[in-house]
Amino acid sequence: MAKPCDSWNTCLNTPLQEEDSEIYALIEQEKYRQFSGLELIASENFTSQAVMEANGSALTNKYSEGLPGARYYGGNEYIDQVENLCRKRALTAFHLDAEKWGVNVQPYSGSTANFAALTALIQPQDRLMGLDLPSGGHLTHGYQTAKKKISSSSIYFQSMPYQVDQTTGYIDYDRLEENAALFRPKLLICGASAYPREWDYARLRKVADQHGAYLMADIAHISGLVASKEAANPFEFCDVVTTTTHKTLRGPRAGLIFFRRDKGDDLEGRVNQAVFPSCQGGPHNNTIAAIAVALKQVATPEFKQYAIQVRANAKTLAKTLRNYGYKMATDGTENHLILWDLKPQKLTGSKVERICEIVDITINKNSIAGDKSAVTPGGVRLGTAALTSRSFKEEDMVKVGEFLHRTVQIASDVQTKCGSKMMKDFVAALEGNQDIAQLKKEVQEFARSFPMPGFDPKTIQVNGH
Ligand code: PLP
């Protein structure tokens, strides 16, 4: 129990552990979970201690609506320097010439960055084309179903998605081009949340130019690879590039919008205006400082090595699973993620995700090209950015592949024994399974043998450990 505060300012200077023992305990438990498990969610990473320090700093106290040198509040002498440093480092990390490119570092997240970019580039009800969500695209790229407009990007704009080829899993550029000729978009969006292959930016530029459309890349997933030149360069072809900062880039949770300064239609003014005041209020200065720290790390040779290892680990994991006889969408990967098709095993992604969760392997179910139902996706998505931050190498990914193989064997076994394909029967049949208990023990032992970025696992305070 926390001690009651004897005066208001004692309370304001009490460490979290004393001030709010409930939240403190939950944070410690989450740290222990992160340390004890295998984190394979493709959109996650483990950021550094320095990034977390900046993110948890007194900069959270400051209002600074506007841009450096032009704020609506006083007292921004140091905040201006932080934001300018962050902008400079963003351009450096992505090898951009400040004459040609600028960046807004204020978006609170990838979703708000994307909505601000759409607000800057097109008018309400204008037409946009992005990769369909069941094909691996993100919600914010115009997602809608046959019955409902889901994302604000389809509510406020007219959306016609393009898709991957249902057999190969690769983007069907020919069909995209044909549909663009009919739909005549004002904006073409590339980038994805679940696409294991490289993008043909040159071809997309050609399509955009045929219709006088802007080309925007959302590199949220691959930005760490782009910055370290381990992925093709979208800046060569695009007008605007958005990203999150917390996936392969390994920073705090936020977004960035890069815009061309040399296009002649004031993308700079339009993007800056769209972020504030159109879509946001005061920037989160603590987060901007943390992005700056992460970008300093991104520009190092060590980060280049990290990005090389992320890709090598993904390749090894895909190969290991293929050696067990499994099917990967597009037959493999060129980036940090893998789409594992479980339909040949007659399993759904939800079932394998559930067993993985019990044994402390964190993954997510994902639709795979050719799925009949979006509600019960036929596969799972795996990513190697987080485990690579914990120093996993190729031989460790072989072990991870073996663990994953065992989860699928257990899932098949349980499904056969329970004689039902219903998720609720499957979950009930997992109770007391000894193979699961054994696998969980091995996974935890293995995971705990690796270092943990950002905090020292020895200091974690969890009951019983
Ligand atoms: N864009 C892409 C391609 C993403 O994968 C994601 C999130 O996973 C986002 C945007 C949204 O980012 P956020 O969750 O920070 O809003």
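Definitions and cut-offs
Residues numbered from 1 in each chain as written. Predicted model: local features only at pLDDT ≥ 70, side-chain atom pairs only at ≥ 80, totals over all residues. Heavy atoms only, no water. Near = heavy atom within 4 Å. Polar contact = N/O pair within 3.5 Å; in protein donor to acceptor, adjacent residues only side chain to side chain. Areas by Shrake-Rupley, 256 points an atom, 1.4 Å probe, with all protein chains shown as cover. Helix = DSSP H or I, 4+ residues; strand = E, 2+ residues; numbered from the N terminus. Nonpolar A, V, L, I, M, F, W, Y, C, P; charged D, E, K, R; others polar. UniProt positions renumbered as here; feature names shortened; annotations may be inferred. Contact = heavy atoms within 4.5 Å. Buried < 20%, exposed > 50% of the residue type's maximum accessible area, 1.4 Å probe, protein only. Pairing = 2+ DSSP bridges. Domains from an automatic or database assignment. Buried area = accessible area lost by both parts, 1.4 Å probe. Salt bridge = Lys/Arg side-chain N within 4 Å of Asp/Glu carboxyl O. Expected span 1.5 Å × (residues − 1). Arc of directions from axis to C-beta. Axes fitted to C-alpha atoms, helices over the stretch in contact; angles between N-to-C directions.

Undergrad: Explain the site of the ligand to me, and be specific about the residues and the numbers.
TA: The local shell around the ligand holds 13 residues, among which Ser 109, Gly 110, Ser 111, Ser 193 and Asp 218 are the closest. At 2.6 Å from an oxygen atom of the ligand is found a side-chain nitrogen or oxygen belonging to Ser 111. In the complex, 83% of the free accessible area of the ligand, which totals 390 Å², lies under the protein chains. The greatest single-element share of the shell around the ligand, amounting to 3 residues, is contributed by helix α6 (residues 110-121). Taken together, the residues of the shell around the ligand sort by class into 2 nonpolar, 9 polar and 2 charged.

Undergrad: Describe the UniProt feature "modified residue: N6-(pyridoxal phosphate)lysine" (unreviewed entry) in the chain, with residues and values.
TA: As annotated in UniProt, the feature "modified residue: N6-(pyridoxal phosphate)lysine" (unreviewed entry) corresponds to Lys 247 in the numbering used here. Take Lys 247: it is sitting in the loop between β9 (240-244) and β10 (255-260). Not counting residues within four places of it along the chain, the set of residues in contact with Lys 247 comprises Ser 43, Asn 45, Ala 220 and His 221. One polar contact links Lys 247 to Thr 244, side chain to side chain, over a distance of 3.2 Å.

Undergrad: Tell me about unusual backbone geometry, and name the residues and values.
TA: In this structure, Pro 277 follows Phe 276 across a cis peptide bond, with omega equal to 15 degrees. Here the phi dihedral of Asp 266 falls at roughly 50 degrees; this positive angle occurs in a residue that is not glycine. Structurally, Asp 266 is set in the loop between β10 and α11 (267-279). The class of Asp 266 is partly exposed, set by a relative accessible area of 48%. We note that Thr 330 has phi near 60 degrees; this positive angle belongs to a residue other than glycine. Mapped onto the fold, Thr 330 is located in the loop between β11 (327-328) and β12 (337-341). Thr 330 gets classed as buried once you look at its relative accessible area, which sits at 8%.

Undergrad: Help me get a handle on the pairing of strand β8 (residues 214-218), residues and values and all.
TA: Within β8, 5 of the 5 residues are buried, leaving the element largely enclosed by the surrounding structure. Here β8 shows two buried faces, one formed by Tyr 214, Met 216 and Asp 218 and the other by Leu 215 and Ala 217. In the sheet, strand β7 (residues 187-190) pairs with β8 via 4 bridges, with the strands oriented parallel. Note on β8: the bridge partner recorded for Leu 187 is Tyr 214. Where β8 meets β9, 3 bridges bridge the pair, whose relative direction is parallel. Counted as the bridge partner of Asp 218 is Thr 242 from β9.

Undergrad: Give a detailed account of the domain arrangement of the chain, specifying residues and quantitative values.
TA: Segmenting the chain into domains produces domain 1 (58-298) and domain 2 (312-453). One C-alpha centre belongs to domain 1, the other to domain 2, and the line joining them spans 31 Å. Across the boundary between the two partners, domain 1 contributes 19 residues, which contact 17 residues of domain 2. Roughly 1,500 Å² is buried in total at the junction of domain 1 and domain 2, and carbon and sulfur atoms are behind 53% of that figure. On the domain 1 side of the interface with domain 2, the three residues burying the most area are Ala 194, Pro 196 and Arg 197, jointly 37% of the side's total. Counting across the domain 1 and domain 2 interface gives 1 salt bridge. Glu 334 serves as the salt-bridge partner of Arg 197, at 3.8 Å between the closest nitrogen and oxygen.

Undergrad: Explain helix α3 (residues 21-36) to me, and be specific about the residues and the numbers.
TA: An ideal rise of 1.5 Å per residue puts 22 Å on 16 residues; α3 measures up with 22 Å between its terminal C-alpha atoms. Listing the buried residues of α3 in full gives Tyr 24, Glu 28, Lys 31, Tyr 32, Phe 35 and Ser 36. Along the axis of α3, the buried residues cluster in a sector spanning 125 degrees; they form a single face. Within α3, the exposed residues directed more than 90 degrees away from the buried face are Glu 22 and Leu 26. At its buried positions, α3 is contacted by α2 (16-19) and α18 (434-447).

Undergrad: Just give me the short version of the pattern of salt bridges, but keep the residues and values in it.
TA: Within this structure, the stated rule accounts for 26 salt bridges. For Glu 268, the salt bridge is made with Arg 261, and the minimal N-O distance between the two is 2.9 Å. Under the relative-accessibility criterion, Glu 268 is labelled partly exposed at 27%. The closest approach of N and O atoms between Arg 354 and Glu 357, which form a salt bridge, is 3.1 Å.

Undergrad: Describe the sheet that holds β7, listing the residues and the values that go with them.
TA: Strand order in the open sheet formed by 7 strands is β4-β10-β9-β8-β7-β5-β6, and the pairing between neighbours is mixed. Looking at which strands have only one partner, the edges of the open sheet turn out to be β4 (101-104) and β6 (158-159). As paired elements, β4 and β10 share 4 bridges and run antiparallel to each other. Counted as the bridge partner of Trp 101 is Arg 260 from β10. Contacting β4 and β10, helix α5 (residues 77-93) runs over the sheet at an angle of about 130 degrees to β4. Strands in contact with α11 are β4, β8, β9 and β10; relative to β10, the strand with the most contacts, it is inclined by about 155 degrees.

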